[in-house]
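Report on the structure
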Amino acid sequence: MWAVLALALCTLVSCTPALEGEDLACAPVEEERLVVYTSHKQEVWWPIVKEFEERTGIWVDVVTGGSSELLQRIAKEEQSPRADVMFGGGVESLASYEDSFAPYISREAEAIPEQFQDPDGLWTPFSSLPVVLIYNTKLVGEGQVTRWSDLLSPYFQGKIAFTDPAVSGSSYTSLVTMICALGGDAEEDLHRFAANLDGRQLESSGDVLTLVADGTDWVGVTLEETALKRIAAGDDIAMVYPTDGTSSVPDGSALVRGAPHEENAKRFLDFTISRDVQQLVAEQSYRRPVRRDVEPAEELADLEELLLVDYNVDWASQNRENLLMSWAFFLGGEEEA
Amino acid sequence: MKTRLTRSFRGRLFVAFLIGSLVPLLLCSAMLLQIFRLRMTENAAAEVRESMDHALNALDTAVEGFVRAAEQLSGDEVVFQALETGSGETTQVYSRLFTATAGLRDYARFDLYDREGIWRYSTLNAPSQRQLPTNWGILGQANREEGLTFVASEDVTNTAVPLLRGGMLLRSPQGETVGYLVISLYQADLRQLLDGTYGSQNDLILLSQYWRPVYCAQPSLAASLAPVLRQQLLLGEALDKISEEFSYQVALQSSTGLYLVLRHPRVFNHDTMALLYTVSASCALVCVLISVLMSLKLSRQMFRPVQRLHTAIGEVVQNNLDVQVPLDRNDELGELAQRFNGMVVALKRNQEELVKNQKELNEAQIRMLQAQLNPHFLCNTLDTMKWISKINQVPQVAVMSTDLADILRFCISPEEFVPLRREVEILERYIEIQKIRLSSAFTFTTHILPELEECLVPKMILQPIVENAILHGLEGVEQGTIRVIARREDEDRISLVVEDNGRGLPPEMAGPYANRDRERSRGHLGLYNVDTILRKYYGEGFGLWLDCGAQGRGAVVRATLPLRWEEETEC
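A short note on helix α8 (residues 226-235) of chain B
- For α8(B), every residue scored as buried is listed here: A226(B), L229(B), Q232(B) and L233(B). Along α8(B), the residues classed as buried sweep out an arc of 125° about the axis, all on the same side.

In structure tokens, the structure reads:
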């Protein structure tokens, strides 16, 4: 009797519609897929990914995030990787996760100068991004900031916008560049710079531009591409290449070790440094292409004319922990993990 | 719960009503709901298919037009010349262009680019971007693919750039690239093309071959829904799982490689289901209420007479036999009440009879007690008489007084039952007295089976019968004989028979002793008494039986009584 009741209730409730599986028929097969983790902004990756899909017929699944976050994720997924390619992030960040990546020397490598290449092929460069100094044109006169050593002057104490190098890869690159440019004892330089920051650093690299533009800070350290974009947008910012030396460390991409779609990943890596893409990068952004046969945008200073420090990517990635620890110590903050 | 519910009559009624109403209701609801659902879903699906077909047709028609126009232009000498050499009659080129695109320009613009990707001719104003890269985007695609090929815009939300571009490489008859035909569809164009085709409740999304959004009827969906659709597809999950409220229908436009995704509201979304469930639940609730009311009402209807009977029985238990249940109905319960009333009346009658019997018994006992007054005085007197008569040499008086004293003692002895032997001894004393009185005019014999000598009989049971035989039977008879016979009738009955050879009985008296009315049996009071005693002691099955003697002489009086022994007297 209760069973009948229960049956009736069941029939009453069981109104789940039958699933229609027909729309799954258009899903791509595994061979036509690629999973890309990218720390680039959408305006960078989207045209490239779209064109890649149109040209190759490969469906690209893009996962976006911060570069540290994505690298950690790749490291965590080491046993069964989901990502095929890490697209974006400074090459020394990529190099510091070398266990997660497989070497691949692109077919396009010949067109790329050696300074932008990893001899082991662990990473593939995408664009080169010189470190620059910026200042607020209303608060700082022209010529007052020209070199790294100016940042150590008491005149700018507490007025410097600098991002936490533990958070931002570009900020770490800047820090290493500065050490190289100053040429003195690394610890001493770090100590003096930290003291001049008054123990204050920013959480996001985007904040540097904002704080300098609104006059909270007078000078800042950032990348050429970012600075030019903001200047073009009309902010009261001027940019200088440090006369005591800058670096032109590329950002890049890398093939994930054990990638599920390795062939497609290699095609994507090739595509990112293909002439067409590099040209697009040169035309549509202030990034410097890494190919010899593609000229950077006209606004950009010729790289040959800049003084470049001897930036050792391997040294930078191997000493990352030590430097960050010292930095945190000098800054008076808590010890970094 | 079940036991608690079904323990009371009311609860059982309630459960029965509940099941009787709820089960069919639930079954019906479930069935109706299912039928309704199937029907509605089917209708909705047909409607959606129709909408989809409309949209697909509109797109197909447009694309067919584009292909036709492209074919027409690709074989046109004038266009080749103009693009190849950069010279030529502009008006002529436009004339060809407008002819080829007749009827299509309402929802697309047509541009001709030369082989460098530089814009040359257009059906509308010159575009803001005068040159297109030939290695990228639409021209790149046109370079790689044969015929008309379509590429989506990078930014779906931008109304200023074409959302969909079709491109085709134009080759000279020699096979050299001379330029490109580009067909551009802006958001407004697509809206014009597709609006009204896909149903007002639905939303249409155009996806590229790789499920990137191309056009969304509702622009906000490009960011909110399109990536979800693609993700769902890549995960291999059904699109319908995205939300409870919408279903999706997908169709492929084969010549462009575009997917049309029609989002339509589910017929059975939460609200509808909630409504249907509410209705069902309300019906069930009404059922429960009606069941409660019905069971209360019906049980009250049945319960009231039962309650009255119950009270009446209580009264009877309290020994109030005047109680009567009112008879106000004709059904089974009314009958029951009637029977009950009858039963009470019968009970009352029985009790009254019992009281009467008891009263009679009491009276008899009082009489007996009165009869036992001063018995010793009488016995002693008789003893004295015996001695006086012995002294005075009057032997008859001595014998008589001795016998009388013995009889008297026997009579007033407290035992009610005596062994047959003793009864016969006393009977012989009585005979002795009677022989003196009647000068020995008859003979008396006894035939008692020795085994019956100790069986118990009521005291003074034979004397009245024998007295009757002497006084009435042998009156005026010479050589009268009286025989007393005790014999066994069967396993548990004996009979005591008194025979005489006297005048006999009137024939109508033969058979069971019939004169049970005391008043009418005057003169035969002895027989009446014996009969009454037997019946009172042993029940209606026992008593006297009268018969005529052999050859019509004399009478036979037979007393039947159960065979009892000493130890059974207690019973």
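Considerations on the environment of D547(B)
Residues and elements named next belong to chain B.
- Relative to the helices and strands, D547 resides in strand β16 (residues 543-548).
- Residue classification places D547 among the partly exposed residues on the basis of 17 C-beta atoms within 10 Å.
- In contact with D547, not counting residues within four places along its chain, are A510, V556 and R558.

Topic: the environment of R483(B)
All names here are of chain B.
- Note on placement: R483 falls in strand β13 (residues 480-490).
- Overall, the presence of 17 C-beta atoms within 10 Å leaves R483 in the partly exposed class.
- When the C-alpha positions of R483 and V556 are compared, they lie 9.6 Å apart, and in sequence the two are 73 residues distant.
- Beyond its immediate sequence surroundings of up to four residues, R483 is in contact with T445, H447 and E499.

A closer look at the confidence of the model for chain A
All names here are of chain A.
- Mean pLDDT for chain A: 86, with 91% of residues reaching 70 or above.
- Per-element mean pLDDT across chain A ranges from 61 in helix α1 (residues 2-13) up to 94 in strand β7 (residues 160-161).
- Low pLDDT, under 50, characterises residues 15-21; the predicted model gives this stretch 10 contacts beyond four residues in sequence or across chains.

A word on the sheet that holds strand β14 (residues 493-500) of chain B
Residues and elements named next belong to chain B.
- Read from one edge to the other, the open sheet built from six strands follows the order β11-β13-β14-β17-β16-β15, with strand pairing classed as mixed. In the strand order of this sheet, the two ends are held by β11 (442-448) and β15 (511-512), each with one partner.
- Strands in contact with helix α15 (residues 525-538) are β16 and β17 (555-562); relative to β16, the strand with the most contacts, it is inclined by about 135°.

Observations regarding the packing of helix α14 (residues 462-473) of chain B against α15(B)
All names here are of chain B.
- At a minimum axis distance of 8 Å, the contact between α14 and α15 shows a crossing angle of 155°. In terms of axis orientation, α14 runs roughly antiparallel to α15. When the axes of α14 and α15 are compared, the crossing they make is left-handed. Contacts from P464, I465, E467 and N468 in α14 reach G526, L527, N529 and V530 in α15.
- Here the residues of the contact of α14 with α15 sort into four nonpolar, three polar and one charged.

Notes on the packing of helix α5 (residues 169-182) of chain A against helix α6 (residues 186-196) of chain A
Residue and element names in this part refer to chain A.
- Here α5 crosses α6 at 115°, and the two axes come no closer than 10 Å. Considering only the axes of α5 and α6, their crossing is right-handed. Counting all contacts with α5, which are made through M178, I179 and L182, the residues of α6 involved are A186, D189 and F193.

Describing unusual backbone geometry
All names here are of chain B.
- For N319, which is not glycine, the phi torsion reads 75° and is therefore positive.
- When you line up the elements, N319 lands in the loop between α9 (270-317) and α10 (332-371).
- On the neighbour-count criterion, N319 (7 C-beta atoms within 10 Å) is exposed.
- Even without glycine at this site, Q393 takes up a positive phi of about 60°.
- With respect to the helices and strands, the residue Q393 is situated in the loop between α11 (375-391) and α12 (395-412).

Parameters at a glance
- Residues numbered from 1 in each chain as written.
- Chains lettered and ligands numbered in written order.
- Predicted model: local features only at pLDDT ≥ 70, side-chain atom pairs only at ≥ 80, totals over all residues.
- Buried ≥ 20, exposed ≤ 12 C-beta atoms within 10 Å, placed from the backbone.
- Helix = DSSP H or I, 4+ residues; strand = E, 2+ residues; numbered from the N terminus.
- Arc of directions from axis to C-beta.
- Contact = placed C-beta atoms within 7 Å.
- pLDDT = per-residue confidence, 0-100.
- Pairing = 2+ DSSP bridges.
- Axes fitted to C-alpha atoms, helices over the stretch in contact; angles between N-to-C directions.
- Parallel < 35°, antiparallel > 145°, perpendicular 65-115°, else oblique.
- Left-handed = near helix turned anticlockwise from the far one by under 90°.
- Nonpolar A, V, L, I, M, F, W, Y, C, P; charged D, E, K, R; others polar.

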